[in-house]
Amino acid sequence: MFNRGWVTAGILVFAAAALFPFYRHLLGEDRPFPQLELPAGEKRCVESKEFMRTNHMRLLDAWRNAVVRDDLLIYTSQRGDEFEMNLHSTCMGCHGTKERFCDRCHDYNHVTPPCWDCHVAPFEGPEVRGQRSEVGGQGPRAFGMGGRS
Ligand code: HEC
Ligand code: HEC
Ligand code: HEC
């Protein structure tokens, strides 16, 4: 009655089609990496570009915990520069644009951080930096993220 081979083939074709959304990215959509707008007149991020590229989410998470749980305000980078641990005034104050920087890369990578439900994203142009305090002094090592000493 039924041809086993055809039934199996049919099931496989159906499964392949149904699962397409889940492996589509493995086929390597031919999308060029988007152009990211970097802050004019700034050469350095909080940490190195390589560190930021792979660790910015962990850094932000560590910043949030430090501020909200431990009442700390200041992050000292590996280079010894001090930054207020604040998503809005520090990260976005320098980067200035969420859409042409964060979003472009996140869209490319299919990630949607939920931060902006609460945190205010900039419209355009750098904001005035928040006031710094003398408290704190956390480097990436203090948050268990390695790096040079
Ligand atoms: C003082 C200005 C400044 C601040 C503050 C700053 N950035 Fe940056 N950021 C830069 C610059 C400039 C670059 C490009 C660095 C380079 O090309 O070496 C950069 C690079 C990056 C990159 C890597 C982009 C890429 O091409 O891979 C990420 C991710 C990033 N920043 C996120 C953040 C986050 C998150 C924060 C807050 C925790 C932050 N930045 C704070 C200026 C800043
Ligand atoms: C060069 C690409 C790139 C840029 C630029 C970038 N991100 Fe990301 N971001 C990623 C990737 C990729 C992930 C997902 C990493 C993962 O899931 O391990 C991510 C994840 C995150 C997460 C964690 C999301 C979650 O749900 O866990 C936060 C928060 C975040 N990014 C904030 C920012 C902010 C704020 C900026 C802009 C200042 C920014 N990112 C710029 C690539 C980037
Ligand atoms: C439900 C609302 C909410 C969401 C969603 C949220 N936050 Fe926050 N966040 C807060 C509040 C409230 C504070 C405390 C502000 C303060 O103490 O001044 C805070 C503080 C922070 C701080 C330290 C101080 C500051 O204002 O920047 C960082 C860094 C931070 N959050 C990062 C993130 C990141 C990254 C995400 C996304 C992965 C995120 N938050 C998502 C509500 C939120």
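Structure first, text after, so check above.
The present account deals with the structure reproduced in this document. Everything numeric here is computed off the predicted structure, so don't read it as measured data.

Brief notes about the site of ligand 1
Part 1 of the reasoning: Looking at ligand 1, there are 19 residues lining it, with Cys-45, Lys-49, Arg-53, Cys-91 and Cys-94 nearest.
Part 2 of the reasoning: Within the residue set of the shell around ligand 1, elements represented by two or more residues are helix H3 (49-68) and helix H4 (87-95).
Part 3 of the reasoning: Top element by residues in the shell around ligand 1 is H3. It accounts for 6 residues.
Part 4 of the reasoning: Taken together, the residues of the shell around ligand 1 break down into 11 nonpolar, 3 polar and 5 charged.

Re the site of ligand 2
Part 1 of the reasoning: What surrounds ligand 2 is a group of 15 residues, the closest being Met-57, Cys-102, Cys-105, Asn-109 and Pro-113.
Part 2 of the reasoning: Those elements that place two or more of their residues in the shell around ligand 2 are H3, H4 and helix H5 (98-108).
Part 3 of the reasoning: Residues belonging to the shell around ligand 2 are distributed by class as follows: 10 nonpolar, 4 polar and 1 charged.

What counts, and at which threshold
- Residues numbered from 1 in each chain as written.
- Chains lettered and ligands numbered in written order.
- Predicted model: local features only at pLDDT ≥ 70, side-chain atom pairs only at ≥ 80, totals over all residues.
- Near = placed C-beta within 6 Å.
- Helix = DSSP H or I, 4+ residues; strand = E, 2+ residues; numbered from the N terminus.
- Nonpolar A, V, L, I, M, F, W, Y, C, P; charged D, E, K, R; others polar.

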